[in-house]
Structures are given as C-alpha cells and as structure tokens.
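Single-letter residue listing:
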Amino acid sequence: MRIADRFIKTPASEMIRIFQATEKMDGVLNLGIGEPDFDTEHDIIDAAAAAGKNGFTHYPPTQGYLDVRRAVCDYWKRRHALESTPDEVVLTTGGLQSSYLAMQALLNPGDAVILIEPYFTQYISQVELCGAGLLRVETKEENGFAPLASDLEKIITPSAKILILNSPCNPTGRVISRERMEEIAAIAEKYDLFVLSDEIYESMVHKGKHVSFATIPGMRERTLTMSGMSKSHCMTGWRVGYSIGPVELIKVMTVISATQTFGLNTMAQKASAYALDNHDAKLIERRDIFADRMNYVSGRLNKMKNITCAEAEGAFYLFPNIKKTGLTSKDFVWKMLEESRVATLPGTAFGNSGEGYIRISCTRSMDVLIQSMDKMELFCEKL
Ligand code: PLP
C-alpha cells in the first residue's frame, strides 16, 4: 500500500501535540477547547427524535430539505438582514464541509486564496487539496487583527481568486467593523475576488454588531456566507453546517457533496430547523454568559505581569499579548502547561502573526476560569 503523495507529509499540528500532552497529564485546566461547554438543549434533541418517528429516516434531498433551507434564510434575514431564498442555500456536514466544497467548486490548480492571519487552521489543507496557493496577509493587534486595504493590496497577485474572511474571528475573538468591511469590499470589487465569509460565530458578538459581509452593497453576488449549528446552538456533534450564496455555486457544491455524503443526516436537519426557528432567546443568554466570562478573564489578564489583553468582542476566544514575557508563544504555552497545568494554544498555531500571543477559550465554567487565572497569574509572576 502507498499513501497518495499529497498526504504523505502531513505533520501533526502544534494544536494536536498540545491536546495529546494534555490528555496524558493529570489535573489540567484546559482552556484550549474551541467548542461551547453547553450540551444541546433537550427540546432540540426531541425535535430530532420526532423527525425520526415521523418517517424522516430515508435519504434526504442532497441540497437539504426545503423547510430547513427556508429556516436558514429566515434566521439570517431576521438576525442580520441578509436576504436569500432556499435555492441559494446548501446544507453541509459541518461548517467545515462548506468551505471545503466551496474551494473545490471554485479553485483551479494555480489559483490563489487570500488568508488573513491569524486564521482558522483547517483552511490551509483545504486550499492545498485544491492545488491552489496561499497569499497570507499579516495583521496587527493595533488594527484589531483586521487587514487594512493597503495590507491586502501588498500581497494580491493576478492568481488571487478567493478571499477568506472570518468575523468574529477564531483565534482572536475580534470583530471586523462595518467601515473595515467596506474597505475590504472595495478591494474585492477592484480585484474581482470571491469572498468566503465564515460567520460561524455570528451569534456571539457582544461589542458592536455582527455585520454579515454579503449585506455590504455589491457584495451579495460575490460572497458565500458560511455558518452552521455547532457554535450558535451548541450542536458541534450533530455536524450541521450551511452556505448561502449564488445559485450557480450552490449547485456545484451540491453536486460535489452528493459524491461525498449524499446529503446531511435527516434528523439533524430537522432538529436544526427547529433550533433556528425557536432558540433566538437562548442565543442571547449564551452570548451574555460568554461575554461575562471573557470580560472576567481579560480583566484578570490585564492585571498580570507582562500580559495585556484587548477587550473581548466576539466568539469565545481571547488572544492576549505575551511579548513582554520574553518567551515565544510556543515556549510560553508549553511551560505553563508543564509547570501550572493550564492548557492554552500558541498564537503561532494560527499563522506567523500569532507570534507573541496565546489563544484562551472561555468555554469552561467561571469556576475553572477563576482557578486557571489564579494559576496563570502565579506563573507569570515567577517568570
Ligand atoms: N470556522 C471556524 C472559524 C471555526 O472555528 C470552526 C470550528 O472550530 C469551523 C468553521 C467549523 O465548525 P463546524 O465544522 O463544527 O461547523
């Protein structure tokens, strides 16, 4: 047996190495986890069971049930003024399959994808599997880790075809403002870029307001809005994602997904429609819980020796600056894990712009966060 060449050199990521080390150690307080700590609400699980009992146990339409796609449209119109119709929606196996399908549908070998650092790591291999190149844009903390038009213009080449946006951002927890989005939109227009807008953390913006990129004038026809149920509705294990975008692209994504999964789990689909229609109040409740946790943690971080942390904006991530400790991100994270049993992730796991930062996920109870901050404070004091 010989593994295909393109998979031979896949090294274990720093993130995986840290998670593996964490599992082998006792008593680790793990602030590395990127999923909500809340279980799926029981009425959503009941909706899945009811769908099964009502006969939704057969192959679904590969694009997704019409009523579920309609629930996606209603949700985005109600919450973010994004107008769409069900033929502009495809359901996918997690948000991850949305970006994978979109890249497969859009990229030829030799095309290039603009990726804003720090970025969600999984995009990298999705781009590489298309034989496409990466154009990385470094960003700065003082600009909220959002690119300026000039940063983008510096790296754009004639091969650039797609720009990936992610606001609120994993790993920085920062939210791109409307003004900055308008600047990015002007660049997309000028260089004829198609935008994959990953808005999976849209329900968790506590400073300012989430702006859905496709609602910026002129952007609807050049944007695929990607999201899913994982973070907003605490349904990571259900693997439900979706994309909203131009029909021509949605059709190709549907054809590709039919060769892979032949549609999305029927009961998970129906439960998602129920959740999208009925859980807006819960979204606000959880957004506020995450906001309280993030404000607490950033407050504590800013009192620690040699650490600073920008105010929390969205998602459930903080990206504190550790540069004054003199350690690299990687050394800081490993040392704190080994000596204080607090697990975080190095900023460099998300691209070079992450050097000098660590990612903290506020996806643990306040109790755990308090204990972790006590330990981290002592750790920084002793450095
Ligand atoms: N996009 C971002 C920015 C993420 O952080 C994640 C998960 O961590 C995903 C997409 C994929 O989520 P899922 O495949 O669970 O929908």
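Note: the structure precedes this text.
What you see as residue numbers is a count from 1 along each chain, following the sequence as written. Only residues with pLDDT of at least 70 are given local features in this predicted model, and only at 80 or more are side-chain atom pairs given and counted; all residues enter the totals for whole chains, interfaces and linings. Values reported for side chains reflect all heavy atoms of the structure, with hydrogen atoms and water molecules removed beforehand.

Draft legend 1. Quick peek at the packing of aromatic side chains. We call Phe, Tyr and Trp rings a pair once their centres come within 6.5 Å, taking the six-membered ring for Trp, and we label the pair stacked below 30 degrees between planes, edge-to-face above 60, and tilted otherwise. This structure, assessed with the given rule, holds 13 aromatic pairs. For the ring pair Phe56 and Tyr65, a centre distance of 5.5 Å and an interplane angle of 85 degrees mean the geometry is edge-to-face. For Phe56, a relative accessible area of 29% gives the class partly exposed. Counting every residue linked through ring pairs, the aromatic cluster contains Phe38, Tyr201, Phe290, Phe316 and Tyr317. Each residue's exposure class comes from its accessible area (1.4 Å probe, protein chains only) as a fraction of the maximum for that residue type: buried when under 20%, exposed when over 50%, partly exposed otherwise.

Draft legend 2. Quick look at the side chain of Asn166. On the secondary structure map, Asn166 appears in strand S5 (residues 160-166). Given the relative accessible area of 12%, Asn166 is considered buried. Here a polar contact means two N or O atoms within 3.5 Å. Within protein one must be a hydrogen donor candidate and the other an acceptor candidate, and residues neighboring in sequence count only if both atoms are side-chain atoms. Here the side chain of Asn166 touches Pro168 through a polar contact of 3.2 Å, landing on its backbone oxygen. Polar side-chain contacts of Asn166 include one of 3.0 Å to the backbone nitrogen of Asn170. Every residue in contact with Asn166, bar those within four places of it in the chain, is listed here: Tyr123 and Asp198. Here a strand is any run of E in DSSP of at least two residues, a helix any run of H or I of at least four, and the numbering for each starts at the N terminus. By definition, residues are in contact when any of their heavy atoms lie within 4.5 Å.

Draft legend 3. Geometry of the sheet that holds strand S11 (residues 345-346). The pairing criterion for strands is at least two bridges between them, as found by DSSP. Pairing in this open sheet of three strands is antiparallel, and the strands run S9-S12-S11 from one edge to the other. With one partner strand each, in any of the chains shown, strand S9 (317-318) and S11 form the two edges of the open sheet. Strand direction decides the pairing type here: S9 and strand S12 (residues 358-361), joined by two bridges, are antiparallel. Pairing of Tyr317 across the sheet is with Ser361, part of S12.

Draft legend 4. Highlighting the site of the ligand. Looking at the ligand, the residues that line it are Gly94, Gly95, Leu96, Phe120, Asn166, Asn170, Asp198, Ile200, Tyr201, Ser230, Lys231 and Arg239. At 2.8 Å from an oxygen atom of the ligand is found a side-chain nitrogen or oxygen belonging to Asn170. At 2.7 Å from an oxygen atom of the ligand is found a side-chain nitrogen or oxygen belonging to Arg239. Under the convention used here, a 1.4 Å probe and the Shrake-Rupley method define accessible areas, while residue burial counts only the protein chains that appear. Isolated, the ligand exposes 400 Å² of accessible area, and the fraction of that covered by the protein chains is 91%. Among the elements that take part in the shell around the ligand, helix H5 (residues 94-106) stands out by supplying three residues, more than any other. Under the scheme applied here, ten amino acids are nonpolar (Ala, Val, Leu, Ile, Met, Phe, Trp, Tyr, Cys and Pro), four are charged (Asp, Glu, Lys and Arg), and all others, including Gly, are polar. Its residues assigned to classes, the shell around the ligand comprises four nonpolar, five polar and three charged. When we say a residue is near a molecule or strand, we mean one of its heavy atoms is within 4 Å of it.

Draft legend 5. Structural context of helix H12 (residues 329-340). How far a helix is expected to stretch is found by multiplying one less than its residue total by 1.5 Å. Taking 1.5 Å of rise per residue, the twelve residues of H12 would be expected to cover 16 Å, and the 16 Å separating its terminal C-alpha atoms lies within 8% of that figure. For H12, the full list of buried residues reads Ser329, Phe332, Val333, Met336, Leu337 and Ser340. Each buried residue of H12 sits inside an arc of 125 degrees when the element is viewed along its axis, so together they form one side. On its buried side, H12 packs onto helix H2 (14-24), strand S10 (342-343), S11, S12 and helix H13 (366-382). Residue Arg341 follows H12 closely and has a positive phi angle near 60 degrees. Regarding the arc, it is the one traced by the directions from the helix axis to the C-beta atoms.

Draft legend 6. Up close: the sheet that holds strand S7 (residues 223-228). A sheet is described by the order of its strands in space; here seven strands give the open sequence S2-S8-S7-S6-S5-S3-S4, paired in mixed fashion. Every other strand in the sheet has two partners, leaving strand S2 (89-93) and strand S4 (133-137) as the edge strands with one partner each. Going from strand to strand, the sheet's axes swing by 25 degrees on average, the running direction of each strand aside. As paired elements, strand S3 (residues 112-116) and S5 share four bridges and run parallel to each other. Across the sheet, the residue bridging to Ala112 is Ala160, located in S5. Throughout, an axis means a line fitted to C-alpha atoms (over the contacting stretch in the case of helices), and angles, computed between N-to-C directions, take values from 0 to 180 degrees. Across the sheet, H5 is in contact with S2, S5, strand S6 (194-198), S7 and strand S8 (240-244); its angle to S2 comes to roughly 115 degrees.

This is a description of form; function is not addressed.
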